[in-house]
Structures are given as structure tokens and as C-alpha cells.
Amino acid sequence: MRKIIGIGETVLDIIFKDDKPIGAVPGGSTFNAIISLGRCGTNCTFISEAGNDRVGKMILDFLRDNGVNADDVSVFPESKSPLSLAFLNENNDAEYIFYKDHPHDQLDFVYPEINRDDIILFGSFYAVNPVIRQQVAGLLERAKEAGAIIYYDVNFRPSHKNDVIKIKPNLLDNLEFADIVRGSRDDFETLYNMSDAEKIYRSEVAFYCRKFIFTNGALPVELFAEDGFRKSYPAHEVSTVSTIGAGDNFNAGLIFGMIKNDIRREDIDNGLTVEQWDSIIASAQEFSAECCQDIYNYVSVEFGKKKKI
């Protein structure tokens, strides 16, 4: 059975509406996607670190309860779990404040078995953090050698804007490792002060990776691929409760679509058909829309049961 291997941070998201807390849930960019994929019955492994505290235990239990292999989540003595405060505005979009004990970044894990056609998901600042770059790059190198499919979500927050110059080499390295890159308008405005999808693709992405998905909130999804192929996909209309996790679940849905449609390394190398793109983008949008209908960061358990492969 094909594996999905995610690597990323774990946090506790405390959600505010009108400056009052309305919920607290385990989170993290790749974490959210992996939980949704676990709920849909896929074979998932998560690589990360968690605090040696009550929150860390809750995160580990949550992974396992949702069908995710958490054997490669490290817990270090005296480490504290990171927190994220998410403030929802009138449109239910979130503004974030992060609290993290960065000196404890020390990712330590045994590389899991990676086989051809497995899918690797990584992204956010975790993917470019110089402190753990050696371990992340080592995983990507193994995945590339094994013939796995590598999916990179840029997900670069404005809170790290001052780090852009420092992390640029790692960012470019990630783009080169990736088979599919997804990024949002916010990501590229933060990184390059650019917001035009085609210009971003031509000047910043295409040289490294030919398959690029650009998302922009409620506006259409823009797809760019080999041989000048481009297509727009109108966003789903949905009654939004929270946009936290919307992009993460777009990633989950796209990966679920690749598994369901049996898209493999050979398909990636030869170029996906329009029908294959249509199917996996539709799956991505469906997962994202589902996530936005509650304050949680993932698709519902009921949604996952209906989707189980």
C-alpha cells in the first residue's frame, strides 16, 4: 500500500473570534493535511517533534486516534509545545501570532522506508528552517532517489518576512526537489512582493518545477504545467466558519485525489492529462471547502468515512 509521509511542525492552535477564545485544537500546516488524510483511510506517517508536556501528549494521541503513524514524532526532555493564536476577522480569515521555543528545534528521527510512488508532503517555515535543514534535505534526497512524488506547499507566513534572505537558498532547493508546488498569493507577496500568478510561475517557479498551483482565497485556482498548459478552476462557494486549514486541506485533497486516481511516478514524469488535473483539483477544492465549514483544521470524521478508499 502506498504511503503518504508528511514532515512539519506541531502546534496548539487557540482560535479567537471577537477577541474571545472559541476553541483550541492540535495543528500545524502538514499536520492538518495528514490528519485529514488519516481520516480518509490512507496510509500516513508523520515526522515531527512535540513538546514534553500535556499538549505534546495530546498531539501524539490525536495523530494515532486519526489513523496516523506517529512513531517518528520526537519528544525531547524539557521541550515545550509551540502555540499559535489565530484571530478570525469579520470574513473568518485568520491573523496569526506564534509562540515557539526555537532553541529546541532539533529534529531527530530514523528515516522511514520510502518506496517508489509514495507521496512526500512538506512546507511552511519548517521546510526552510536552517536549524533542521540537514534532516529535511536528507529526507527529500532519499525520496527523490526512491522515486517518490514530492509535493511542496510554500506557505511562507508574513511573520517570517525578515528571514527571507536567510532562507532563500533552502526555498530554491525545495522548489527543485518538488514535483508539484502549491503557493498562495500571500506567500509570494511576502517572499517577492508579487501577486500575479503567471509572472510568479515564469520568473520564480518554472525553472525549478514545471507543475505549479496558485491559490488566492475565494478567487479561482490557477494551474500551470508543462508545455505552456494553464487552466483556471473557479472556487467553490461555501458558508465559511473559519479559513484556518483551508490551504492545508487543499493539499490533503489533492494528494487524496492522486491516490484515488492511482497517479504514480510515471504519470508525473510523462505529464498529467487534463482529466487527471481536473479530478485532483476538484478533490483539493472539495477538502478545502469541507474544512472551512467548521472551526477545526481538518475535514470532519464523517467526511473522512465517506471518502475512505
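None of these values were measured; they are calculated from a predicted model.

What counts as what
Residues numbered from 1 in each chain as written. Predicted model: local features only at pLDDT ≥ 70, side-chain atom pairs only at ≥ 80, totals over all residues. Heavy atoms only, no water. Helix = DSSP H or I, 4+ residues; strand = E, 2+ residues; numbered from the N terminus. Expected span 1.5 Å × (residues − 1). Buried < 20%, exposed > 50% of the residue type's maximum accessible area, 1.4 Å probe, protein only. Arc of directions from axis to C-beta. Contact = heavy atoms within 4.5 Å. Pairing = 2+ DSSP bridges. Axes fitted to C-alpha atoms, helices over the stretch in contact; angles between N-to-C directions. Salt bridge = Lys/Arg side-chain N within 4 Å of Asp/Glu carboxyl O. Core = buried A, V, L, I, M, F, W, Y, C linked by side-chain atoms within 4.5 Å. Patch = residues over 30% accessible without salt bridge, like charges linked within 9 Å, V, L, I, M, F, W, Y side chains within 5 Å. Areas by Shrake-Rupley, 256 points an atom, 1.4 Å probe, with all protein chains shown as cover. Phe/Tyr/Trp six-rings, centres within 6.5 Å; stacked < 30°, edge-to-face > 60°.

A. View of helix α2 (residues 54-65). Taking 1.5 Å of rise per residue, 12 residues should cover 16 Å, and α2 covers 16 Å from first to last C-alpha, within 8% of that figure. By the burial criterion, the buried members of α2 are Val55, Gly56, Ile59, Leu60, Phe62 and Leu63. The buried side chains of α2 occupy one side of the element, clustering within an arc of 160 degrees when seen end-on. In α2, those exposed residues whose orientation departs by more than 90 degrees from the buried face are Arg54, Lys57 and Asp65. Buried residues belonging to α2 abut β2 (11-17), β3 (20-27), α1 (29-39), β4 (43-50) and β5 (68-75). Just downstream of α2, glycine 67 is the residue with a positive phi angle, here 80 degrees.

B. Seen up close, the sheet that holds strand β8 (residues 119-123). With mixed pairing, the 9 strands of this open sheet are ordered in space as β5-β4-β1-β8-β9-β10-β11-β12-β13. The strands lining the two open edges of the sheet, one partner per strand, are β5 and β13 (230-233). On average, each strand axis in the sheet is tilted by 15 degrees relative to the strand beside it, whichever way the strands run. Two strands pair when backbone bridges link them, and strand β10 (residues 180-184) and strand β11 (residues 212-216) are joined in this way by 4 bridges, in the parallel orientation. If you follow arginine 182 over to β11, its bridge partner there is isoleucine 213. The sheet contacts of α2 involve β4 and β5, and relative to β5 the element is tilted by about 160 degrees. Helix-sheet contacts for helix α7 (residues 246-260) involve β1 (3-7), β8, β9 (149-153), β10, β11 and β12 (219-224), and the interaxial angle to β9 is about 165 degrees.

C. Spotlight on the pattern of salt bridges. By the definition in use, this model includes 18 salt bridges. Measuring nitrogen to oxygen at the nearest pair gives 2.8 Å for the salt bridge that ties aspartate 118 to lysine 3. One end of the pair, aspartate 118, is in the loop between β7 (94-99) and β8; the other, lysine 3, is in strand β1, with 115 residues separating them in the sequence. Residue lysine 3 is classed as buried on the basis of its relative accessible area of 14%.

D. Fine view of the pairing of β7. For strand β6 (residues 83-88) and β7, the ladder comprises 6 bridges, and the chain directions are antiparallel. Residue pairing in the sheet places phenylalanine 87 in a bridge with glutamate 95 of β7. Taking the residues that link successive antiparallel strands as the turn, the β6-β7 hairpin has 5 residues, and the phi of asparagine 92 there is positive, at about 65 degrees.

E. Representation of unusual backbone geometry in the model. Its identity is not glycine, yet asparagine 92 carries a phi of approximately 65 degrees, on the positive side. At asparagine 155, a position not held by glycine, the phi torsion is positive, near 40 degrees. With respect to the helices and strands, the residue asparagine 155 is situated in the loop between β9 and α4 (164-177).

F. Broad picture of the nonpolar core. Leu63, Ile213, Leu254, Met258 and Trp277 are the most contacted members of the largest nonpolar core, which has 56 residues in total. A per-element tally of this core places α7 first, with 7 residues. In contact with leucine 254, other than residues within four places in its own chain, are Tyr151, Ile180, Ile213, Ile280, Ile281 and Ala284. Counting 42 residues, the second largest nonpolar core, distinct from the first, contains Ala178, Tyr201, Cys209 and Phe212.

G. Examining the environment of serine 48 more closely. Mapping serine 48 onto the fold places it in strand β4. Between the C-alpha atom of serine 48 and that of tyrosine 99, which follows or precedes it by 51 residues, the distance is 17 Å. Once residues within four sequence positions are removed from consideration, serine 48 is found in contact with Gly8, Glu9, Thr10, Asp72, Val73, Ser74, Leu107 and Tyr126.

H. Main features of the sheet that holds β2. Ordered by their spatial adjacency, 4 strands build an open sheet running β3-β2-β6-β7, and the pairing between neighbours is mixed. Pairing within the sheet leaves two strands with one partner each, and these edge strands are β3 and β7. Here the strands of the sheet are splayed against their neighbours by 20 degrees on average, with no regard to which way each runs.

I. Representation of a nonpolar patch on the surface in the model. Taken together, the side chains of Leu83, Ile97 and Tyr99 present a nonpolar region at the surface, about 250 Å² in accessible area. Position of tyrosine 99 relative to the elements: it lies in strand β7. Judged by its relative accessible area of 47%, tyrosine 99 falls in the partly exposed class.

J. Summary view of the packing of aromatic side chains. This structure, assessed with the given rule, holds 16 aromatic pairs. With centroids separated by 5.7 Å and ring planes inclined at 15 degrees, the aromatic side chains of tyrosine 96 and phenylalanine 98 adopt a geometry described as stacked. Residue phenylalanine 98 is classed as partly exposed on the basis of its relative accessible area of 38%. Taking 4.7 Å as the distance between ring centres and 20 degrees as the angle between the ring planes, the aromatic pair formed by phenylalanine 122 and tyrosine 152 counts as stacked. On the criterion of sequence distance, the pair formed by phenylalanine 122 in strand β8 and tyrosine 152 in strand β9 is long-range, its members being 30 residues apart. Given a relative accessible area of 1%, phenylalanine 122 falls into the buried group.

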